[in-house]
Amino acid sequence: MNESSLKKHLSKINNIELRYFDSIGSTNDEALAWAATGANDLSIVIADEQTQGRGRLNRRWFTPKGSALAFSLILRPTAAQRPHLSQTVGLAALSIAESFSRNGLSPQIKWPNDILLHGKKSVGILVESVWSGEDIDSLVIGMGINVYKDSVPPADMLQFPATSLEEMLGQKTPKREEILLNVLDSFMHWREHLGTNELILAWEERLAFRGKQVEVKAGNESPISGVVDGLESDGSLRLKDLHDNSVIVRFGDVSLRPVA
Ligand code: BTN
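The structure presented is a predicted model; accordingly, all values stated were derived computationally and were not measured.

Undergrad: Go over the pairing of strand β11 (residues 246-249) with me, naming the residues and quoting the values.
TA: Of the pairings in the sheet, the one linking strand β10 (residues 237-240) to β11 comprises four bridges and is antiparallel in character. Within β11, the position partnered with Leu 237 by the bridge is Val 249. From the end of β10 to the start of β11, which pair antiparallel, there are five residues, and Asp 244 there has a positive phi angle of about 65°.

Undergrad: Just give me the short version of the pattern of salt bridges, but keep the residues and values in it.
TA: Under the defined criterion, the tally for this structure stands at 16 salt bridges. Residue Glu 128 pairs with Arg 54 through a salt bridge whose shortest N-O separation is 2.8 Å. In this pair, Glu 128 is assigned in strand β6 (residues 120-132) and Arg 54 in the loop between β2 (43-47) and β3 (68-75), connecting sequence segments 74 residues apart. Assessed through its relative accessible area of 18%, Glu 128 is described here as buried.

Undergrad: Lay out the nonpolar core with the relevant residues and their values.
TA: In terms of nonpolar packing, the biggest core is built from 62 residues, with Ile 44, Ile 46, Ile 96, Phe 100, Ile 145 and Leu 237 touching the most fellow members. For this core, the element with the most residues is helix α3 (residues 88-101), which contributes eight residues. Here Phe 100 is in contact with Leu 105, Pro 107, Ile 115, Leu 117, Ser 122, Val 123, Ile 145 and Leu 165, once residues within four sequence places are set aside. Judged by nonpolar contacts, the second largest core, of eleven residues, contains Leu 32, Ala 35, Ala 47 and Ile 74.

Scoring rules and cut-offs
- Residues numbered from 1 in each chain as written.
- Predicted model: local features only at pLDDT ≥ 70, side-chain atom pairs only at ≥ 80, totals over all residues.
- Heavy atoms only, no water.
- Pairing = 2+ DSSP bridges.
- Helix = DSSP H or I, 4+ residues; strand = E, 2+ residues; numbered from the N terminus.
- Salt bridge = Lys/Arg side-chain N within 4 Å of Asp/Glu carboxyl O.
- Buried < 20%, exposed > 50% of the residue type's maximum accessible area, 1.4 Å probe, protein only.
- Core = buried A, V, L, I, M, F, W, Y, C linked by side-chain atoms within 4.5 Å.
- Contact = heavy atoms within 4.5 Å.

This is the structure in structure tokens:
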């Protein structure tokens, strides 16, 4: 992957501006700074290596050179999209999952924003916002896709079992430029459906652990347990408790685990 091959692939999509780095701290940091100084909608920051890659819950994100697809997409929401921004993480997860399916894989979305292949994490998504007063000015969607085996962190760094596309597809692993183009293609499609039931249903169809007992933790609060039932219209997770009552888990710094 290099700047010219990326630009060549992305020339198939109109109006995409790209900043490419052989090595960077975090593509999300660069994208947040670019967004704050007026980047256009659908601008992308992408790097071959991140030295300070950031994950959710203040975790580090491992991106060694030549191993992963690490990029950040800047969105400038329209007035019509603004009420539905809570679905952005699902939109991103669904786009990546759909692109994986085109390669013959069966990805599942671990709510809110990880993608699992055979029960192991292969993608992480970190959505951050740039505010203008009380309004969201722009969103940065950071996506880290484990493409080659070297992108999988050592076991002692892992919170959850992880895998890569290469472990699943071997020689058939697509080039990172092709994966990016495929993800963006799905993203443009599903973005038109932001706020619709169609997007929620497509996201829900790919939800991991449906019908299974899970535990959701938010910060230091006691974990919430229940069986995964589905999604609410804003993308919140619906569990069923022991008495078959619905328990709604809203977005935030939450982590979900299956109960053995
Ligand atoms: C997570 O699962 O904790 C989210 C990981 C998000 C990683 C991506 S890689 C590209 C972008 N730049 C970052 O520093 N983080 C995101």
